[in-house]
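# Structure at a glance
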Amino acid sequence: MINRIFRRKKEETPLTDLLDMNNIPRHVAIIMDGNGRWAKRKGMPRAYGHHAGANTLKRVVIAAGELGIKVLTVYAFSTENWKRPVDEVSYIMKLMEEYLGTNLLELNEHNVKLHFIGDLSRLQPNLQQEFREAEADMADNTGLILNVAVNYGGRLELTQAMRRLAEDVESGRMTASDIDVDAVSKYLYTNPENDVDLLIRPGADKRVSNFLLWQMAYAEFWFTDICWPDFTKDTLVDAILSFQGRERRFGGLK
Ligand code: IPE
Ligand code: IPE
Ligand code: MG
């Protein structure tokens, strides 16, 4: 990988030319982190970083589509992010609404199919309504599936799945012995595109922060110190090049 990038520097080949287009990860997940630190380094308030991060998302979605990624799942707000100061939380919520207003048409033109995942019932009713309308507007699109995780937590997702399974058993629709891996998978927000191939986390921290716990069982992980607002198509290509250099064994042998 390093050699390939080094050679590229000498020859000025576009980074995308190094990609094996037959081995693009199908499902990429991104923890969009580092907005606050990015802003702080510029002497600006954290909100400035969130605003810049929203613009990054549009660029990365378009780049992901161009590269042939089929499913992109991004972490926008976690079940734990409510712990932040109320001003910051309201700003992020307002930003999501604005984001839809400004970018929906363009995402639609790119044939993106938008889907929100997480427990949306805790959001303001008008925001829930905007989310539903945006999903409906793009329901027939056939391009990149974009899952935006809002009030998402991997543990909450699994807990809700377990509750629904228990209800099915209680009502007699199934028996306890029917509960297997497939049955659990069907109750996940990302179903039927559950398996993540590549997880990307910018912002220097190396942890999963309650994201897609089930879905990441065999994901390849890629971390970078670049903060989310500075993330570009080339950063995405770098991550995919690293992915393409990995040997995935899924517990088997080579
Ligand atoms: C990620 O950036 C965005 C959200 C969690 C909503 P942060 O706000 O966590 O930025 P840092 O990690 O503090 O720099
Ligand atoms: C994860 O980032 C959540 C999102 C990016 C939406 P955090 O900044 O909340 O994660 P921690 O607190 O550093 O683990
Ligand atoms: Mg963070």
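We now turn to the structure provided with this report. (Residues numbered from 1 in each chain as written. Chains lettered and ligands numbered in written order. Predicted model: local features only at pLDDT ≥ 70, side-chain atom pairs only at ≥ 80, totals over all residues. Heavy atoms only, no water.)

## Quick word on helix 4 (residues 86-109)
Over its 24 residues, helix 4 runs 35 Å from end to end, which matches the ideal 34 Å to within 8%, given 1.5 Å per residue. Every buried residue belonging to helix 4 is among Glu88, Val89, Ile92, Met93, Leu95, Met96, Tyr99, Leu100, Asn103, Leu104 and Leu107, and all of these are buried. Looking at the buried side of helix 4, the elements it contacts are helix 3 (46-67), strand 2 (71-78), strand 3 (113-117), helix 5 (125-137) and strand 4 (145-152). (Helix = DSSP H or I, 4+ residues; strand = E, 2+ residues; numbered from the N terminus. Expected span 1.5 Å × (residues − 1). Buried < 20%, exposed > 50% of the residue type's maximum accessible area, 1.4 Å probe, protein only. Contact = heavy atoms within 4.5 Å.)

## As for the pattern of salt bridges
Once their charged atoms are close, side chains differing in charge can pair, the charge on each being opposite to the other. With the rule as written, the count across this model stands at 15 salt bridges. For Arg26, the salt bridge goes to Glu193, with nearest N and O atoms at 2.6 Å. On the criterion of sequence distance, the pair formed by Arg26 in the loop between helix 1 (2-11) and strand 1 (27-31) and Glu193 in the loop between helix 7 (181-186) and strand 5 (198-201) is long-range, its members being 167 residues apart. When its relative accessible area of 42% is taken as the criterion, Arg26 is described as partly exposed. One network of salt bridges, with partners in common, ties together Asp33, Arg37, Arg201, Asp205 and Arg207. (Salt bridge = Lys/Arg side-chain N within 4 Å of Asp/Glu carboxyl O.)

## Quick word on the site of ligand 1
Around ligand 1, a shell composed of 13 residues is seen, among which Asp33, Gly36, Arg37, Arg46 and Arg84 lie nearest. Surface burial for ligand 1 is 87%, taken as the share of its 380 Å² of free accessible area covered by protein chains. According to the grid-proximity analysis, the pocket containing ligand 1 is the largest pocket. Contributions of two or more residues to the shell around ligand 1 are made by helix 2 (35-41), helix 3 and helix 4. Per-class residue counts for the shell around ligand 1 are three nonpolar, five polar and five charged. (Near = heavy atom within 4 Å. Areas by Shrake-Rupley, 256 points an atom, 1.4 Å probe, with all protein chains shown as cover. 1 Å grid on protein atoms, 1.4 Å probe; cavity = no way out; pocket = protein on both sides within 12 Å on 5 of 7 lines; lining within 4 Å. Sits in = over half its atoms within 2 Å of the grid points. Nonpolar A, V, L, I, M, F, W, Y, C, P; charged D, E, K, R; others polar.)

## Thoughts on the sheet that holds strand 2
Strand pairing in a sheet relies on backbone hydrogen bonds. The paired strands run either parallel or antiparallel. The six strands lie next to each other as 3-4-2-1-5-6, forming an open sheet whose pairing is parallel. This sheet does not close on itself; its edge strands, each paired only once, are strand 3 and strand 6 (220-223). Pairwise comparison of adjacent strand axes, ignoring direction, gives a mean angle of 20° for this sheet. Two strands pair when backbone bridges link them, and strand 2 and strand 4 are joined in this way by seven bridges, in the parallel orientation. Across the sheet, Val74 pairs through a bridge with Val148, a residue of strand 4. (Pairing = 2+ DSSP bridges. Axes fitted to C-alpha atoms, helices over the stretch in contact; angles between N-to-C directions.)

## Re the packing of aromatic side chains
Scanning the entire structure with this criterion turns up 10 aromatic pairs. A centroid spacing of 3.7 Å and a plane angle of 0° characterise the contact between Phe116 and Phe131, whose relative ring orientation is stacked. Here Phe131 lies in helix 5 and Phe116 lies in strand 3, a separation of 15 residues in the sequence. Here Tyr218 and Phe250 contribute two aromatic rings whose centre-to-centre distance is 5.4 Å and whose plane-to-plane angle is 50°, an arrangement assigned as tilted. (Phe/Tyr/Trp six-rings, centres within 6.5 Å; stacked < 30°, edge-to-face > 60°.)

## Quick word on the layout of surface pockets
Quantified by volume, the largest pocket comes out at close to 790 Å³. The set of elements that each furnish at least two residues to the lining of the largest pocket consists of helix 2, helix 3, strand 2, helix 4 and strand 3. In the lining of the largest pocket, the residues fall into 17 nonpolar, eight polar and nine charged. When its volume is computed, the second largest pocket comes out at roughly 190 Å³. Lys113, Leu114, His115, Glu135, Ala139, Ile145, Asn147, Tyr189, Thr190, Asn191, Pro192 and Glu193 together form the lining of the second largest pocket. Mapped by element, the contributors of at least two residues to the lining of the second largest pocket are strand 3 and strand 4. In terms of residues, the lining of the second largest pocket owes the most to one element, strand 3, which gives three residues. (Points joined across faces, edges and corners; volume = space filled by probe spheres on them.)

This is a description of form; function is not addressed.
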